[in-house]
Amino acid sequence: MVTLTINGKEIQVPKGTTILDAAAELGITIPTLCWLKKVSTTGACRICIVDIAGVDRPMTACNTPVKEGISVTTSTPKLEETRKKTLELMLVNHPLDCPVCDAGGECKLQDTCYSLKVDKNSYGADLERLPIRYDWKLLESDPNRCILCEKCVKVCREIVGREAIEVVDRGDNTIIDTMTREPLDCDFCGNCIGACPTGTLISKPFKFKGRPWTFDVTPSVCAFCSTGCQIDYHAKDGRVERVTSSDDGFNRGNLCVNGRFGYAAFNSPARITEPLIKDGSNLKGASWDRALKTVAEGFKDAAADSDGNAVAGIGSPRVTNEESYLFQKFLRGALGSNNIDSEARLGYLPSQVIQWEMLGYSGGTFSMDAIEKATAIIVIGADLKAESAGFAYRVIQVATKNNAKLVVAGSRPSSMNKFANAFLQCRPGSEAWLVAGLNKAVLAEGLASAGNLTELEGLKSSLDLLSFERITEISGITEIQLREAAALICSGGRTAVIYGAGVIRAADSRNAVAGTIDLALLTGAVADTGAGIYPLDEKNNTQGMLDMGICPEYLPGYRTYEHAAAAFSSAWNRAVPVVQGKDLFQIIDAIEAGQIKALYVMGSDPLHYMPNRTRIMKALQKLELLVVQDLFLTDTAKLAHVVLPAASGAEKSGSFTSADNRIQCFTAAVKPAGDARSDADILTALYSLVTTGSAPVQVSLDVLHHEITTLSGLYSEVCDHEGCRMGRSKNRTATSVCLPLAPLVPTPAPTNHAFALTIGSILHHNGSMTTMSENNMLVAGEAYVELSCDDAASMGVVSGDVLTVTSDTGSVLLKARLSEQLQPGALFVPAHFREAAATTLTDSASFPQYVSLSKG
Amino acid sequence: MAQVVFSTWGGDTVDNRNISGEPQAVSYRLPVVFDSKRPLRAFMGWDGIILFDKDVDVPAMTAEYMKRVQTLFCCGKCTPGKKGTKVLMDLFQNVLAGKASEADLDTVEDLAELLKNCKCTLCQSATVPVFDAVKNYREDFLAYLNPVCRPRVTPGRYIHKITAPCMDKCPAHIDIPKYIEAIKNYQMDMALATIRENMPLPAVCGRVCPHPCETACRRKNVDDAINIMVLKRTASDYERLHNILPPLTPKARKEKSVGIVGAGPAGLAAAYYLALEGYPCTIYEALPEGYGGGMVAVGIPAYRMPRTILQRDIDIIQSVGVEIVYNCRVGTDITLPELRKKHAAVFIAPGAHTSKPMGVDGEDKGYKGFLTGGINFLRDAYLGKPTGMGKKVVVVGGGNTAIDCVRVALREGAEMSCLVYRRSRKEMPADVWEVDGADEEGVKFEFQVLPTKIIVNDKNEVTGVECVRMALGEPDASGRRRPEPMPGSEFVIECDTVIPAIGQDMDLSFIPADLGIDITKWNTVVTKYLPLKDAAGKDLKDSMGNPLSRTLMTNCDGVFAGGDAEIGPLTVVACVGNAHRAASVIQRWIEEGDAYLSEQDIFDDVLTYLGVYDKNEKVPWLDSAERANQKEVHGSARAAKGNYREVELGFSDSTAQAEADRCLRCYRMAMVVV
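Residues numbered from 1 in each chain as written. Chains lettered and ligands numbered in written order. Predicted model: local features only at pLDDT ≥ 70, side-chain atom pairs only at ≥ 80, totals over all residues.

Quick notes on the overall build of chain A
Broken down by element type, chain A carries 27 helices and 32 strands. Since a compact globule built from 856 residues should have a radius of gyration of about 29 Å, the 28 Å found for chain A is in line with a globular shape. Relative to its 856 residues, chain A shows a buried fraction of 60%. Counted over contacts in chain A with a minimum sequence separation of 6, partners at least 24 positions apart contribute 74%. (Helix = DSSP H or I, 4+ residues; strand = E, 2+ residues; numbered from the N terminus. Rg over C-alpha atoms; globule rule 2.2 N^0.38 Å. Buried ≥ 20, exposed ≤ 12 C-beta atoms within 10 Å, placed from the backbone. Contact = placed C-beta atoms within 7 Å.)

As structure tokens, then:
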């Protein structure tokens with residue numbers, strides 16, 4: 001500890017603390033403009049100067065560490081005069097367009113000038129105006145307003161890891177621009193806008209939408225990816241016009257393109273604003289009473305005729321925990337059916353069942369900030385920015401600032417490669433082999449954690465059956481690479497394991513997932529001293545949806561029918577069936593077999609994401625009653641008999657559970673669009689109509705939380721903090737069971753198709769929701785097929801050519817995009833775009849799928 | 001003798017304007033003629049102005065200086081710098097245009113005061129000569145403001161140079177503040193790209209450089225120098241540890257090629273810069289493949305410079321279009337005249353690979369156990385050949401090679417490794433940290449001891465070395481006190497091996513006499529130079545006694561020389577700097593048929609001669625961030641037999657970032673009027 005005095009007050013702070021932070025601890029505010037807590041110091045504005053006795057010049061408080069015994073003075077007439085003059089210099093030729101400047105009212109420069117009483121300028125220079133960048137997408141840059149604080153540049157580099165903008169040129173012409181001076185081409189996360197203290201970098205969609213002080217600001221939780229960022233919705237006249245995030249929150253103000261700009265989907269003119277009922281071949285507007293009655297009666301009849309067997313429901317990873325709970329309560333309690341599942345069946349759910357068996361919990365071990373304490377990280381089969389950007393930001397922090405080693409493994413390179421000490425690129429489909437190889441290498445190098453692992457011998461003997469030669473032959477990764485990677489991921493003793501779609505939807509996903517969890521056990525990642533394991537899912541509440549029992553296997557809280565059905569039955573006063581229901585694939589089979597006649601789809605578009613689109617289309621068309629509850633007329637909704645307009649994440653209250661098991665509550669920022677209603681309201685109404693035939697009794701969230709807590713035993717009842725977005729906790733009993741690998745069988749080489757196709761996420765979208773956001777569409781507007789430059793060269797394909805992609809199940813046309821990073825023989829198609837109908841090509845949920853490629 | 005008309009340089013005002021008596025005599029370490037053609041009329045820089053010519057238009061010079069600072073070098077990254085120099089630039093331009101007022105001139109002092117709060121020294125130091133000019137030539141400025149008879153701007157020829165004390169002191173003139181700032185900003189790639197602009201062996205110079213830059217680090221005036229060398233290593237390690245291949249794109253391949261003798265630092269550097277310009281380069285190296293790097297490879301042991309890491313730097317150099325022909329000794333396997341025929345230019349950089357004799361009784365008798373020299377011993381050990389070393393080793397000498405020998409002897413299995421030096425420990429030319437390293441590993445030292453005789457048994461095997469103790473006498477030419485033998489103090493150190501490591505020499509026997517290439521009495525190659533002289537008519541020399549500004553072309557057209565064989569045995573970084581210049585001159589020779597130095601080359605030399613670092617400068621700054629030093633492996637086991645693992649461990653990235661944050665970024669601009 002270092003002792004010093006500031007303005008005569010003594011304080012002790014740790015060595016290395018800056019004078020600015022030490023002063024803050026004493027409650028002394030030193031004015032700053034360029035200082036931003038979450039990035040490295042800059043010392044550009046020179047406003048935070050202080051005097052230190054014995055030092056013959058003022059020092060900047062923001063980047064000067066304290067020293068034992070120093071005496072600091074933060075304000076003297078001379079310091080104040082220097083600050084004022086410095087601000088006067090800053091204002092030389094600063095535009096006087098505050099009336100139309102987007103930052104007007106929330107401008108740090110205005111505030112500082114005001115507080116330092118800068119009302120004249122002693123300096124002047126010839127006026128030269130720099131061109132305003134109107135040609136950037138989503139962002140606009142007016143360099144004339146820039147004070148060169150570099151916050152944007154540092155956030156882009158140090159937080160987002162993109163380095164899209166830089167300080168360029170010299171002297172008074174120095175501006176923030178792209179290195180090449182070409183229009184911005186980046187993540188479009190807009191974190192630079194968030195960091196800009198002036199109106200230099202502004203959001204184009206927000207421009208002229210209103211003065212900042214005229215908006216109602218509602219703290220909320222982002223409804224896109226599984227990071228669960230804390231955001232503020234800025235709403236006016238019933239519309240969200242801007243999303244910001246405070247640096248004081250969990251995500252330190254850092255968002256992604258979806259979080260910052262995806263709100264435009266909520267305002268989309270394509271929103272359904274009234275219930276629709278099929279009339280002949282058309283969907284026509286109807287009253288809520290009629291729509292709800294139609295749905296309630298339809299399902300009630302179908303259920304009654306079949307003991308619940310003829311009805312099924314597909315839930316949503318988008319809706320709140322409470323809504324998921326109500327959804328399964330409607331299916332199980334009101335309709336007496338356990339035929340309930342979701343898109344998590346395609347990967348996340350099966351993977352979490354394995355994780356549950358091995359570790360005793362699903363989702364992340366710790367809240368994701370534990371990653372920042374890791375000494376080594378391995379990211380397997382994940383594109384962090386595309387799947388859950390918050391993880392990417394954490395990994396970048398720890399790898400670049402905390403000296404952690406980073407290993408990236410998988411068939412496709414990602415934006416994390418730039419920070420990686422090693423990239424293990426396996427052949428598509430060999431993920432299970434890659435993971436087995438890593439486990440084998442950790443054991444061979446004698447690096448396995450000495451923790452209390454059950455079934456370790458079984459794992460060892462299953463790995464003994466595999467030789468490194470064989471692993472190399474199948475995966476393309478050498479023994480040396482594996483051993484070096486093993487050393488890296490065990491270095492420092494505090495490992496984090498992050499895995500995503502590449503593992504979860506791998507060809508041999510069971511071995512890939514089990515092997516990944518084994519690796520977390522061997523490296524000690526899941527021990528108390530580790531940095532945790534983190535499965536990723538692209539959507540905001542997949543974890544919460546599963547916690548709430550949206551699956552046929554478990555009741556809410558992963559309670560089994562055998563043990564808990566009676567409790568649920570008695571609490572609901574309805575008979576909950578004790579037999580396990582049908583899963584997503586079985587539901588389709590049963591529809592085809594005519595066993596399931598009525599399907600309730602909430603916030604989900606199975607026709608878009610299910611493998612073999614042609615088959616699913618036929619099945620859905622066979623239903624006697626298809627009800628879709630959504631924001632948009634999705635592909636599935638177009639086939640529905642009744643469409644119920646639902647509310648967006650900004651339009652309702654409740655809680656989401658992030659991939660790392662943080663349960664965050666929020667309240668509605670705006671009313672639902674048009675006549676839309678929240679999923680909770682719709683489900684409550686339907687439950688009443690089916691069970692009592694009467695009008696719904698509105699239940700408060702508190703009452704609902706109490707019911708969920710009592711029955712699931714998983715979530716604590718109240719938030720630990722008043723009105724906050726954090727704090728509801730989740731129970732768990734951790735175990736450490738290694739799972740021996742089942743015999744690995746290489747994917748047979750296809751004879752008729754030369755390319756291995758993966759369909760997955762890209763960073764500019766989240767699910768299909770953001771394809772309804774004009775903002776996201778501006779930066780990533782259409783699907784494409786990505787192929788390696790080598791393949792493109794040998795086929796004579798150039799970027800933009802239209803290619804036909806053909807599989808055994810169908811074919812689609814897509815524009816070509818070339819990638820220097822994709823390996824030859826591999827293809828990638830983004831999953832988000834409905835029009836592309838990419839699932840026409842797939843016949844299962846795993847990747848790769850084998851396809852042929854031809855021009856034209 | 002050129003007379004100083006006016007000067008404020010160094011804070012002392014010399015005013016010989018309008019004097020009646022004898023002008024005040026004052027001289028500066030500057031040439032009277034800038035480039036041997038154009039007289040140096042005025043000098044303007046961080047420490048003031050110097051006028052040698054009374055007709056220099058001071059307001060115009062001042063305006064030009066401020067314009068160049070603002071538009072060419074001001075980084076814009078702090079408010080006073082960015083805006084203050086803009087205000088000043090416009091002010092002086094308005095003065096010249098007669099649009100300013102007298103009150104505007106008073107702003108200069110105000111701004112000079114305000115710019116003391118700049119983030120770095122560039123803009124801040126620029127206000128010093130500008131304010132001096134306004135203060136002392138106020139009438140000249142006011143003349144421009146006179147609407148009646150405004151003078152016409154006298155055109156001047158201005159040449160500027162950006163520098164910093166560290167950058168100037170570095171013989172390779174690496175832009176040190178720039179790469180350090182990049183590390184501070186988490187841009188290791190940018191840092192390394194900056195380093196490579198002047199140093200193609202970053203992994204090497206990040207490890208074994210004696211870092212003269214750090215002796216000229218202004219942070220020393222606050223507390224301790226920035227750890228510039230290890231920061232360089234960090235950037236290089238980062239690239240290697242992240243498997244990054246540097247994005248180097250050589251220009252379109254040209255037809256004319258360059259032949260290079262020796263794959264040492266000089267040969268590699270010249271090849272690298274020529275290859276980036278598109279010239280195919282072939283290096284002829286006497287040693288076998290896998291042993292490129294010259295003295296860095298065979299003269300610096302692997303525990304200081306790991307082989308694979310050196311090879312990586314060489315591989316990267318080769319990746320831009322450099323061919324290395326190994327096992328090819330010029331003079332034996334191919335002749336110099338043959339190279340001249342084959343290539344448009346030849347660069348001779350054979351290094352200094354032979355040992356100097358130590359002058360002791362019996363050294364020429366071929367005794368078993370008396371080795372031929374330190375350099376040969378290190379080379380044999382490195383190549384894995386038998387060294388002829390026994391179990392008890394005495395190394396004679398006080399330089400880095402002697403230290404390398406005693407430390408390698410331990411790793412080659414010596415039971416006793418002893419260094420004998422005729423002066424005291426603190427006078428050893430070896431780097432302090434190297435001596436400390438040997439000490440830690442268990443090397444014995446005998447200081448102030450002179451070997452006089454090799455003692456052998458009847459089989460002519462060395463059994464000891466007879467020494468005499470030395471006392472310090474009067475200082476010699478080098479300023480060190482001359483050691484003199486103390487009669488009667490003779491004693492014998494028992495040993496079976498004696499290694500002389502007195503100094504290195506060049507083997508230039510491959511240069512045929514008839515090519516007209518001259519050799520100095522110190523056995524270095526003579527190259528052409530600019531006849532720069534100071535005011536007293538004395539030739540300007542560099543620190544090695546060579547002419548200050550050399551084109552590096554020998555007296556034989558198209559044959560250039562560099563590295564140790566041209567400078568005299570020195571350092572890797574000196575060889576790289578020298579070879580980089582040779583590469584530029586070779587390119588001019590090939591393209592323009594003229595081997596000349598650019599204004600920037602000459603200015604580099606002029607500034608080095610003048611000196612940019614001032615150890616007496618008071619640098620007000622809070623000394624609250626201590627210098628970081630790299631960790632190293634400790635304990636004698638690090639020097640166990642066969643253990644050549646690297647001893648120094650470098651920085652973690654976060655340590656490097658924090659160390660980089662200590663840099664004061666001491667840029668400044670010099671400008672001359674010619």
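We are not done yet, so read on.
Considerations on the overall build of chain B
From N to C terminus, chain B includes 22 helices and 23 strands. Taking 2.2 N^0.38 as the reference for a compact globule, 674 residues should give roughly 26 Å; the C-alpha atoms of chain B span a radius of gyration of 28 Å, in line with that estimate. Its C-alpha atoms put chain B at 100 × 55 × 55 Å along the principal axes. The 674 residues of chain B split such that 54% are buried. The long-range fraction of contacts in chain B, counting pairs at least 24 apart against all pairs at least 6 apart in sequence, stands at 72%.

Notes on the sheet that holds strand 2 (residues 9-13) of chain A
Residue and element names in this part refer to chain A. The five strands are arranged 2-1-5-3-4 in an open sheet whose pairing can be described as mixed. Of all the strands in the sheet, the pair left with one neighbour each is strand 2 and strand 4 (59-60). With two bridges connecting them, strand 1 (residues 2-6) and strand 5 (residues 71-73) associate as parallel partners. Paired with Ile 6 across the two strands is Val 72, which belongs to strand 5. (Pairing = 2+ DSSP bridges.)

Concerning the confidence of the model for chain B
For chain B, the mean per-residue pLDDT works out to 95, and 100% of the residues sit at or above 70. Predicted complex metrics record ipTM = 0.95 and pTM = 0.95. (pLDDT = per-residue confidence, 0-100.)

Things to note about the interface of chain B and chain A
With 35 residues of chain B at the interface, the matching set in chain A holds 42 residues. Counting only elements with at least two residues in the side of chain B that touches chain A, the list comes to helix 1 (58-73), helix 2 (79-96) and helix 22 (653-660) of chain B. With nine residues, the top contributor of residues to the side of chain B that touches chain A is helix 2 of chain B. Its residues assigned to classes, the side of chain B that touches chain A comprises 14 nonpolar, 13 polar and eight charged. (Nonpolar A, V, L, I, M, F, W, Y, C, P; charged D, E, K, R; others polar.)

A look at the nonpolar core
One recurring pattern in soluble globular proteins is that nonpolar side chains are buried together. Among the nonpolar cores identified, the biggest contains 480 residues, and Ile377(A), Val395(A), Ala270(B), Phe347(B) and Phe560(B) are the most heavily contacted of them. In terms of residue count, the dominant contributor to this core is helix 20 (residues 572-592) of chain B (twelve residues). Residues in contact with Phe560(B), not counting those within four places in the same chain, are Ala345(B), Val346(B), Phe347(B), Ile348(B), Leu552(B), Met553(B), Thr554(B), Ala582(B), Val585(B) and Ile586(B). In this structure, Leu787(A), Val797(A), Ala816(A) and Tyr850(A) belong to the second largest nonpolar core, which totals 29 residues. (Core = buried A, V, L, I, M, F, W, Y, C linked by C-beta atoms within 7 Å.)

Re the packing of helix 1 of chain B against helix 2 of chain B
All names here are of chain B. Contact pair helix 1 / helix 2: the axes reach a minimum separation of 9 Å and the direction vectors enclose 150 degrees. It follows that helix 1 is roughly antiparallel to helix 2 by the angle criterion. Crossing of helix 1 against helix 2: the hand is left-handed. Counted together, Pro 59, Ala 60, Thr 62, Ala 63, Met 66, Lys 67, Val 69 and Gln 70 of helix 1 and Thr 85, Lys 86, Leu 88, Met 89, Phe 92, Gln 93, Val 95 and Leu 96 of helix 2 form the full contact between these two elements. Here the contact of helix 1 with helix 2 is composed, by residue class, of ten nonpolar, four polar and two charged. (Axes fitted to C-alpha atoms, helices over the stretch in contact; angles between N-to-C directions. Parallel < 35°, antiparallel > 145°, perpendicular 65-115°, else oblique. Left-handed = near helix turned anticlockwise from the far one by under 90°.)

Re the packing of helix 2 of chain B against helix 3 (residues 102-114) of chain B
Residues and elements named next belong to chain B. Contact geometry of helix 2 with helix 3 gives a least axis separation of 11 Å together with a crossing angle of 160 degrees. In terms of axis orientation, helix 2 runs roughly antiparallel to helix 3. Here helix 2 and helix 3 pass one another in a crossing that is left-handed. Each of Pro 80, Gly 84, Val 87, Leu 88 and Leu 91 in helix 2 lies in contact with helix 3, whose residues at this interface are Asp 104, Thr 107, Val 108, Leu 111 and Leu 114. A per-class count over the contact of helix 2 with helix 3 returns seven nonpolar, two polar and one charged.

As for the environment of Ser773(A)
Within the element layout of this structure, Ser773(A) appears in the loop between strand 27 (755-760) and helix 26 (774-779). Take Ser773(A): there are 23 C-beta atoms within 10 Å of it, and that puts it in the buried class.

Quick look at the domain arrangement of chain B
Residue and element names in this part refer to chain B. Examined at the domain level, chain B breaks down into domain 1 (6-163), domain 2 (258-353 + 506-596) and domain 3 (355-504). Domain 2 and domain 3 are separated by 31 Å when their C-alpha centres are compared. Domain 2 puts nine residues into the contact, and the matching count from domain 3 is ten residues. Split by residue class, the side of domain 2 that touches domain 3 holds seven nonpolar, two polar and no charged. (Domains from an automatic or database assignment.)

Re helix 24 (residues 679-691) of chain A
All names here are of chain A. The terminal C-alpha atoms of helix 24, which comprises 13 residues, lie 18 Å apart, in line with the 18 Å expected from a rise of 1.5 Å per residue. Of all 13 residues making up helix 24, ten are buried, and the element is well covered by its neighbours. Three or more residues of helix 24 are buried, namely Asp 679, Ala 680, Ile 682, Leu 683, Thr 684, Ala 685, Leu 686, Tyr 687, Leu 689 and Val 690. Where helix 24 is buried, its residues touch helix 7 (288-306), helix 8 (321-334), strand 22 (598-602), strand 23 (625-630), strand 24 (642-645) and strand 25 (654-657). Positive phi shows up at Gly 693, right after helix 24, with a value of about 75 degrees. (Expected span 1.5 Å × (residues − 1).)

Some words on the sheet that holds strand 17 (residues 376-380) of chain A
Residues and elements named next belong to chain A. Spatially, 19-18-17-20-21 is the arrangement adopted by the five strands of the open sheet, whose pairing is parallel. Single-partner strands in this sheet number two, and they are strand 19 (422-425) and strand 21 (533-535). The mean inter-strand angle of the sheet, taken between neighbouring strand axes irrespective of direction, is 10 degrees. The pairing of strand 17 with strand 20 (residues 495-499) spans five bridges and is parallel. Residue Ile 380 lies in a different strand from strand 20, and its bridge partner there is Tyr 499. Across the sheet, helix 17 (residues 509-522) is in contact with strand 17, strand 20 and strand 21; its angle to strand 20 comes to roughly 170 degrees.

Things to note about the domain arrangement of chain A
All names here are of chain A. Taken domain by domain, chain A holds domain 1 (2-75), domain 2 (101-265), domain 3 (286-342 + 550-712), domain 4 (348-535) and domain 5 (755-855). Each of domain 2 and domain 5 was reduced to a C-alpha centroid, and the two centroids are 33 Å apart. Here the side of domain 2 that touches domain 5 is composed, by residue class, of ten nonpolar, two polar and two charged.

Remarks on the environment of Leu201(B)
Residue and element names in this part refer to chain B. When you line up the elements, Leu 201 lands in the loop between helix 8 (188-196) and helix 9 (202-205). On a C-alpha basis, the gap between Leu 201 and Asn 643 in space is 25 Å, while along the polypeptide they are 442 residues apart. Sequence-distant contacts of Leu 201, defined by excluding residues within four places in its chain, comprise Pro 265, Leu 268, Asp 313, Val 572 and Val 576.

Some details on the confidence of the model for chain A
Chain-level pLDDT for chain A is 95 on average; 98% of the residues reach the 70-or-more range. Per-residue pLDDT stays below 50 along residues 721-727 of chain A; that stretch engages in 14 contacts with residues further than four places along the chain or on separate chains.

A word on the environment of Ile28(A)
Residue and element names in this part refer to chain A. Along the chain, the position of Ile 28 falls in the loop between helix 1 (19-25) and strand 3 (49-52). On the basis of neighbour counts, which here come to 19 C-beta atoms within 10 Å, the residue Ile 28 falls in the partly exposed class. Spatially, the C-alpha atoms of Ile 28 and Thr 74 are 8.4 Å apart, while their sequence positions differ by 46 residues. Not counting residues up to four positions away in its chain, the partners in contact with Ile 28 are Ile 6, Asn 7, Ala 23 and Thr 74.

Topic: the pairing of strand 7 (residues 281-284) of chain B
Residues and elements named next belong to chain B. Judged from the four bridges that link them, strand 6 (residues 258-261) and strand 7 form a sheet pairing that is parallel. The residue of strand 7 that forms the bridge with Ile 260 is Ile 283. One crossover worth recording links strand 6 to the parallel strand 7 by way of helix 12 (residues 265-276), and it is right-handed. Pairing of strand 7 with strand 8 (residues 322-325) involves four bridges; the strand directions are parallel. Note that in strand 8 the partner of Thr 282 across the bridge is Glu 323. (Right-handed = clockwise from strand over helix to strand, strands pointing away.)

What to know about unusual backbone geometry
Residue and element names in this part refer to chain A. For the bond running from Phe 847 to Pro 848, omega is 5 degrees, close enough to zero to count as cis. Relative to the helices and strands, Pro 848 is located in the loop between strand 31 (826-830) and strand 32 (849-855). Backbone geometry places Arg 46, a non-glycine residue, at a positive phi of 65 degrees. By the secondary structure assignment, Arg 46 is in the loop between helix 1 and strand 3. C-beta crowding within 10 Å serves as the criterion here: with 26 such atoms nearby, Arg 46 is assigned to the buried category.

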